[in-house]
Amino acid sequence: MHSNKLSYSVTGAGFPVLLGHSYFFDRTMWAPQVAALSAHFTVVAPDLWGHGASPALPVGSMTLADLAHDHLQLMNELGYQEFALVGLSVGGMWGAELASQAPDRVKALVLMDTFTGAEPEAQKQQYFSMLDSAAQLGAIPAPVIDYAAAQFYSDEVDAARLEELKTQMRALTAERLRESIVPLGKMIFGRSDRLAVLKDIRCPALVITGENDKPRPVSEGKLMADLLQCRHLTVPGAGHISTLENPDFVNRELLAFLRGVL
C-alpha cells in the first residue's frame, strides 16, 4: 500500500506499533519481528523514501525531523492517534525526533542500533567522501560496497546474507543514488547532536544494541539509555542489523517490553 507515497504494510490487530528500518534496507528487515509482534499488535512497517517500494526522497526534505514528520503524516492518514515506535539505525534517529515532536501520541519508544548524537567527525568525512564518489559515478564503487556491507553485520554473519546486501547495493540505479540514497546519507551522517532531545522524552523507553555493532557501538546505546533513564539491552552475537542476526532474542525482548508498557 502507498500513502503519502510512502510504501507500507499493516499486519495484525491491536495497539499500533510503527517500525523504522535501517538505511540501505527496507521494511523486509523487520520480517521476523512483524511475524512475532502482529500476534498482539497492529504493525505498521513503511519503506523509507528511496528504499523498498517507496518513491524518491521529496524535494525539500532536509532533516531527520522532516522524516519524522513524514511518518507522523502516515499514522495520521491511517487514523492512528496513539502508537508505539521501534526504530533501528536511521529509524531510531527520526524515531527519537518523532517522540519529541508528538509526546502525547508516541506511547512507547524503542531505539535500536542507533545514535542521536552527532557522527564523529572522522567517520562523517569518510562517509561523505564515499557518498560523493557514488553520486559522481552513479554507482557505489566495489571497494565501498565491500566495506559498507560489512558494517551492517557482525563478522560471523551468514555469507549469503552479506552477499544479498551487496547485490542490492550493486543494483541501485544512478537516479536512485543521486535522488535519495546520497542525500539521505548526508542527512544521516551530517546530523546535528540531538542527544538533549532524549531528556525530554517521557514515554516508556528501551535502548537495544547488537553486541558486535560496528558503526553504533554499545557505549552509544548506554549513553542514550542514561539520558532516557531506561534499560539498555545488548543483543548477543548480533551486529548492526540485530533484528536479522538474532531475531529470537530481539522478538522476545520487544514483546516483553511492549506488552509490559502498553
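Report on the accompanying structure.

**Some words on the overall build of the protein chain**
In step 1: Broken down by element type, the protein chain carries 11 helices and 8 strands.
In step 2: With respect to the three principal axes, the spread of C-alpha positions in the protein chain is 50 × 35 × 35 Å.
In step 3: The burial tally for the protein chain puts 56% of its 262 residues in the buried class.
In step 4: Pairs at least 24 residues apart make up 76% of the contacts formed inside the protein chain by residues separated by at least 6 positions.
In step 5: As displayed, the protein chain has an accessible area near 10600 Å², and 53% of this comes from carbon and sulfur atoms.
In step 6: Positive and negative side-chain charges in the protein chain, numbering 21 and 29 respectively, have mean positions lying 3 Å apart.

**A look at helix α7 (residues 174-189)**
Given 3.6 residues per helical turn, the α-helix brings residues three or four places apart onto the same face.
In step 1: Where α7 bends most, at Ile181, the angle is about 30°, and the proline Pro183 comes one to four residues later.
In step 2: Next to the buried residues of α7 lie α2 (64-78), α3 (90-101) and α4 (121-137).

**Quick word on helix α5 (residues 142-151)**
In step 1: The set of residues buried in α5 consists of Val144, Ile145, Ala148, Ala149 and Gln151. The arc that holds every buried residue of α5, seen down its axis, measures 150°, which confines them to one face. When the buried face of α5 is taken as reference, the exposed residues oriented beyond 90 degrees from it are Ala142 and Pro143.
In step 2: In this structure, the buried residues of α5 make contact with α4 and α6 (159-171).

**Re the pattern of salt bridges**
In step 1: Scanning all chains against the criterion turns up 10 salt bridges.
In step 2: One salt bridge connects Glu97 with Arg194, and the closest N-O pair in it is separated by 2.7 Å. Here the residue Glu97 occupies a position in helix α3, and Arg194 occupies one in the loop between α7 and α8 (195-198), the gap between them amounting to 97 residues.
In step 3: Assessed through its relative accessible area of 33%, Arg194 is described here as partly exposed.
In step 4: A salt bridge links Asp155 to Lys214, with the nearest nitrogen and oxygen atoms 2.7 Å apart. With Asp155 in the loop between α5 and α6 and Lys214 in the loop between β7 (205-210) and α9 (218-228), this residue pair connects regions lying 59 residues apart in the sequence.
In step 5: Owing to a relative accessible area of 63%, Asp155 belongs among the exposed residues under this scheme.
In step 6: Taking the relative accessible area as the measure of exposure, Lys214 reaches 33% and is therefore partly exposed.

**Describing the environment of Leu165**
In step 1: Position of Leu165 among the secondary structure elements: in helix α6.
In step 2: Classification of Leu165 by relative accessible area gives buried; the value is 1%.
In step 3: Between the alpha carbons of Leu165 and Ala149 there is a distance of 6.4 Å; along the sequence they are 16 residues apart.
In step 4: Setting aside residues up to four positions removed in sequence, Leu165 forms contacts with Phe24, Phe25, Ala149, Phe152 and Tyr153.

**Observations concerning the nonpolar core**
In step 1: Leu67 and Leu98 are the most contacted members of the largest nonpolar core, which totals 92 residues.
In step 2: When residues in this core are grouped by element, the largest group, 7 residues, is from α7.

**As for the environment of Ile181**
In step 1: Tracing the backbone shows Ile181 in helix α7.
In step 2: Once the C-alpha coordinates of Ile181 and His51 are considered, the two residues, 130 residues apart in sequence, prove to be 8.2 Å apart.
In step 3: Filtering out sequence-adjacent residues up to four positions away, Ile181 remains in contact with Tyr23, Phe24, Gly50, His51, Leu131, Leu172 and Arg176.

**Some details on empty space enclosed by the protein**
In step 1: Evaluated as defined, the whole model comprises 2 cavities of 30 Å³ or more.
In step 2: Computed from the structure, the largest cavity encloses a volume of approximately 360 Å³.
In step 3: Taken together, 25 residues form the lining of the largest cavity, with Tyr23, Phe24, Tyr127, Phe152 and Phe189 sitting closest to its centre.
In step 4: Counting residues per element, the lining of the largest cavity draws most heavily on α7, which supplies 5 residues.
In step 5: Here the residues of the lining of the largest cavity sort into 19 nonpolar, 4 polar and 2 charged.
In step 6: Looking at the second largest cavity, its volume works out to about 30 Å³.
In step 7: Forming the walls of the second largest cavity are Leu19, Gly20, His21, Pro46, Asp47, Leu48, His71 and Trp94.
In step 8: Considering only residue class, the lining of the second largest cavity consists of 4 nonpolar, 3 polar and 1 charged.

Thresholds, definitions, all that
Residues numbered from 1 in each chain as written. Predicted model: local features only at pLDDT ≥ 70, side-chain atom pairs only at ≥ 80, totals over all residues. Heavy atoms only, no water. Helix = DSSP H or I, 4+ residues; strand = E, 2+ residues; numbered from the N terminus. Buried < 20%, exposed > 50% of the residue type's maximum accessible area, 1.4 Å probe, protein only. Contact = heavy atoms within 4.5 Å. Areas by Shrake-Rupley, 256 points an atom, 1.4 Å probe, with all protein chains shown as cover. Lys, Arg positive; Asp, Glu negative; His and termini not counted. Charge placed at Lys NZ, Arg CZ, Asp CG, Glu CD. Bend = angle between axes of the 7 residues up to and from the residue. Arc of directions from axis to C-beta. Salt bridge = Lys/Arg side-chain N within 4 Å of Asp/Glu carboxyl O. Core = buried A, V, L, I, M, F, W, Y, C linked by side-chain atoms within 4.5 Å. 1 Å grid on protein atoms, 1.4 Å probe; cavity = no way out; pocket = protein on both sides within 12 Å on 5 of 7 lines; lining within 4 Å. Points joined across faces, edges and corners; volume = space filled by probe spheres on them. Nonpolar A, V, L, I, M, F, W, Y, C, P; charged D, E, K, R; others polar.

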